[in-house]
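Chain by chain, the residues run as shown.
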Amino acid sequence: MFFWVISAILSLVVAALLGRSLLSRDRIEPPAEALDVALYRDQLAEIDRDVARGTLPEDEAVRTRTEVSRRLLAADAATRAAGARGTAKGPGRVAAGLVTLLVIGGAFALYLRIGQPGYPDLPRSERISHAQDLLQGLPTQAEAEANPGEMIFSPPEASAEFAELMQKLRSAVEERPEDIRGLRLLARNEAALGNFTEAARAQARVLELAGGAASGQDHADYADMLILAAGGRISAEAAQTLQVALHKDPRNGIATYYSGLLMARTGRPDIAFRLWDGLLRSSPEDAPWTPLIRAQIDQVADLAGETSYSQPPIAPPASTTAPGPSAEDIEAAGALSDEDRQQMIRGMVDGLADRLAREGGTAEEWARLIAALGVLGESDRAGAIYVESQQVFAGDAAALGLLASAAEQAGVSQ
């Protein structure tokens, strides 16, 4: 109510000033020619006084009186013309009233459309304090998992062979709980299957074994698994892990995205916008967080007051990361027996090979496939794929060099 009283008083003051300004234009001020008329009349009277005193000869008085009278008539005609023009100035009382009502009414209509009538005052200090309260009141991981968010994840359907391999991997890790390589592999594959709680448990053990040597990506992966296990909710443990990840790796994409999401949810869209805008401008279009940011950043920019913000253009996909078995994946499979390890690696390789055959891929992906086949001892297959890749990237010297290096590593270089 107090807001509306103040608004009404200010509106009346503005209306009074505006109306006064418009109505003042209706007043006809004496034109400059009217001063000339008065001056010439005074001159005629002065001539008469000079003649009466004998200081001005009669013949001279006649000539002077004639000239002044002529100027008086011209000035009087000019005064009448100026008065007629002045009468047409100004919008009039009705027009002034309509303009005033239009301005005041339009202001109230605009506020009712884009404003928040009845919304309490939110000074900056109170907003920051409220955001801090929200951060301090984040749920624990157990609470978040007990009441998860609405994030829907549809894990791929694992084949019977892969499910059997996973069971063997779990048993191997259970027998050797200090094997950090096996734990990394277990965490990654549990997450791929949608078992985020189990994946987070394995990744937590990785962090425990790595200690201070754990990388920012290790912590970011753990936070990612915690958040996914809670259906998208960010717990206090996940928030703390994100801080550690960014401290170790300020440019980490996963940690930056989730940190921005946390800021947006806790009343700090300004911080969220800065984090997401910087990440979006430095990320390839095929980065996993890019479509998530693009879907939300316009709303965050609006809340942050960035009214003129426009999203950066779509960048070409990066070729620095490639799915499929990496050297770390192959090494981490050491937790399994030789036969099981070969089967798991072969499953990863076959998946990559099928995708490249159907959709194509980057030179890095083809090189990774050739190297992985060399590790498996499938030299004939690696050689055939190397020949095919040379045809795919014919004319690209950089790609051919990368493929040749992979072929030499696999022992199939020509």
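For the structure, see preceding data.
This one's a predicted model, so the numbers in the text were calculated from it and none came from an experiment.

1. Describing the overall build of the protein chain
(1) Moving on: In terms of helices and strands, the protein chain carries 19 helices and zero strands.
(2) Moving on: Within the span of the protein chain, comprising 414 residues, buried residues form 35% of the whole.
(3) Moving on: Taking the contacts inside the protein chain whose residues are at least 6 apart along the sequence as the reference set, 65% of them involve residues at least 24 apart.

2. Focus: the nonpolar core
(1) Moving on: Ranked by internal contacts, the top residues of the largest apolar core, which has 50 residues, are I234, Y257, Y258, W276, W289, I293 and I297.
(2) Moving on: Taken together, the elements giving at least two residues each to this core come down to α7 (160-175), α8 (180-192), α9 (196-210), α10 (216-229), α11 (236-248), α12 (253-265), α13 (269-282) and α14 (290-303).
(3) Moving on: If we skip the residues at most four places from it in the chain, Y258 touches D224, I227, L228, I234 and L242.
(4) Moving on: If you look at the next biggest cluster of nonpolar residues, it comprises 22 residues, including A382, I385, Y386 and A406.

3. Looking at helix α19 (residues 397-410)
(1) Moving on: Its 14 residues place the ends of α19 20 Å apart at the C-alpha level, agreeing with the 20 Å of an ideal helix rising 1.5 Å per residue.
(2) Moving on: Of the positions making up α19, those classed as buried are A399, L403, A406, A407 and A410. Along α19, the residues classed as buried sweep out an arc of 100° about the axis, all on the same side. In α19, those exposed residues whose orientation departs by more than 90 degrees from the buried face are A397, A398, E408 and Q409.
(3) Moving on: Looking at the packing, one finds that the buried side of α19 touches α17 (363-376) and α18 (379-392).
(4) Moving on: One or two residues past the end of α19 sits G411, with phi positive at roughly 80°.

4. Considerations on a nonpolar patch on the surface
(1) Moving on: Together, V5, I9, V13 and L17 give the surface a local cluster of nonpolar side chains, amounting to about 350 Å² of exposed area.
(2) Moving on: Note that L17 resides in helix α1 (residues 2-23).

5. Notes on the environment of A131
(1) Moving on: With respect to the secondary-structure elements, A131 resides in helix α5 (residues 124-136).
(2) Moving on: Those residues in contact with A131 that lie beyond four places of it in its chain are T266, G267 and R268.

Conventions adopted
Residues numbered from 1 in each chain as written. Predicted model: local features only at pLDDT ≥ 70, side-chain atom pairs only at ≥ 80, totals over all residues. Heavy atoms only, no water. Helix = DSSP H or I, 4+ residues; strand = E, 2+ residues; numbered from the N terminus. Buried < 20%, exposed > 50% of the residue type's maximum accessible area, 1.4 Å probe, protein only. Contact = heavy atoms within 4.5 Å. Core = buried A, V, L, I, M, F, W, Y, C linked by side-chain atoms within 4.5 Å. Expected span 1.5 Å × (residues − 1). Arc of directions from axis to C-beta. Patch = residues over 30% accessible without salt bridge, like charges linked within 9 Å, V, L, I, M, F, W, Y side chains within 5 Å. Areas by Shrake-Rupley, 256 points an atom, 1.4 Å probe, with all protein chains shown as cover. Salt bridge = Lys/Arg side-chain N within 4 Å of Asp/Glu carboxyl O.

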